[in-house]
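Chain by chain, the residues run as shown.
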Amino acid sequence: MNSFSIIFLVCLALSSLAIKALNVSYDGRAITIDGKRRVLIAGSIHYPRSTPEMWPSLINKAKQGGLNVIETYVFWNAHEPLRRQYDFSGNLDLVRFIKTIQNEGLYAMLRIGPYVCAEWNYGGFPVWLHNIPNIELRTNNEVYKDEMKNFTTKIVELMRHEKLFASQGGPIILSQIENEYGNVMGPYGEGGQEYIKWCAQLADSYQIGVPWVMCQQNDAPDPMINSCNGYYCDEFKPNNDKKPKMWTENWTGWFNNWGGPVPHRTAEDLAFAVARFYQYGGTFQNYYMVIINAF
């Protein structure tokens, strides 16, 4: 084999490893990928609630069930249990989880928060936040905003370094800042309004090349997409006719209350709600959660 042939084969191998960057945007009808509107069917799988060995099976079974997006929160108190001491090992290996999604040929939605609720201890907030003088959580408080920005930036830069955003050839087509803040912002008054504007500005400043979402936030500033969480979101409308109709949490069930009845949602009700959502103009919906037996 001559030197030209060797060079050609090396170039061919390198080109096969190249991952195509995607242009992800949106219009008033849908999320667009490389200029084409997409119908997206997602499901939530939270990486810390399973093991890395389970992830390929869980994600593959979601794919076999017809999903094309996997959605997950990012859990601040798990990743930063002590201030400025981070843990991304074992079932907290977020990079490995996102790459597992990519290996299955699926897209990802990364809900950074960093407040996540998620039926998770303290909504994902690390308890050491309370030990910082003059802090006030989830409002226009500089001490809190510094901590939130530090962790959010940590996650964004980790994803960017690993080239996991779709604009870099990765699977992440959507990201989320804050979480269901619109449900609680009333008592915060002007501080809450200023805080949500700051969140939007922070997210936009990262320039990650994919859209940002604010769920349950009817006044989400442009270009943030406001979205619906609930049992039924067919009547939901975004706050701008240039934004798509998105259902970030379709509640497939509910948690148990001690001593209370076991919540149950029938498959028929769930299917009807999904069909009606798409019939009424929706193009992205996410099952919260996807419950799959990995064994």
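Residues numbered from 1 in each chain as written. Predicted model: local features only at pLDDT ≥ 70, side-chain atom pairs only at ≥ 80, totals over all residues. Heavy atoms only, no water.

The protein chain has the name beta-galactosidase in an unreviewed UniProt entry, where Lupinus albus is given as its organism. Quoted straight from UniProt, the Sequence similarities (unreviewed entry) entry for the protein chain says "Belongs to the glycosyl hydrolase 35 family." (UniProt positions renumbered as here; feature names shortened; annotations may be inferred.)

A. Structural detail: the overall build of the protein chain. Secondary structure assignment for the protein chain yields seven helices and 11 strands. Taking 19 Å as the expected radius of gyration for a compact globule of 295 residues, we find that the protein chain reaches 20 Å, a close match to that expectation. Summarising its shape, the C-alpha atoms of the protein chain cover approximately 75 × 50 × 40 Å along the three principal directions. Counting over 295 residues, the protein chain shows a buried share of 49%. Taking the intrachain contacts of the protein chain between residues at least 6 apart in sequence as the baseline, contacts between residues at least 24 apart amount to 67%. If you sum the accessible surface of the protein chain, you get close to 14,300 Å²; carbon and sulfur atoms cover 55% of it. Taking the average location of the 26 positive side-chain charges in the protein chain and that of its 28 negative ones, the two points are 6 Å from each other. (Helix = DSSP H or I, 4+ residues; strand = E, 2+ residues; numbered from the N terminus. Rg over C-alpha atoms; globule rule 2.2 N^0.38 Å. Buried < 20%, exposed > 50% of the residue type's maximum accessible area, 1.4 Å probe, protein only. Contact = heavy atoms within 4.5 Å. Areas by Shrake-Rupley, 256 points an atom, 1.4 Å probe, with all protein chains shown as cover. Lys, Arg positive; Asp, Glu negative; His and termini not counted. Charge placed at Lys NZ, Arg CZ, Asp CG, Glu CD.)

B. Structural detail: the UniProt feature "domain: Glycoside hydrolase 35 catalytic" (unreviewed entry) in the protein chain. Mapped onto the present numbering, the UniProt feature "domain: Glycoside hydrolase 35 catalytic" (unreviewed entry) falls on residues 31-290. Along residues 31-290 one finds 28% helix and 19% strand; the C-alpha atoms at either end are 22 Å apart.

C. Main features of the environment of L270. Mapped onto the secondary structure, L270 falls in helix 7 (residues 267-279). Classification of L270 by relative accessible area gives buried; the value is 16%. Remark: the alpha-carbon pair of L270 and Y231, spanning 39 residues in sequence, is separated by 8.0 Å. In this structure L270 touches N250, T252, R265 and Y287, once residues within four positions along its chain are discounted.

D. Structural detail: the state of the cysteines. This model, assessed by the stated rule, comprises one disulfide. Counting only cysteine sulfurs, C215 is the nearest neighbor of C117, a cysteine outside any disulfide, at a range of 9.6 Å. The cysteine C199 is free of any disulfide, with C215 supplying the nearest cysteine sulfur at 12 Å. The class for C199 is buried, based on a relative accessible area of 0%. (Disulfide = S-S within 2.5 Å.)

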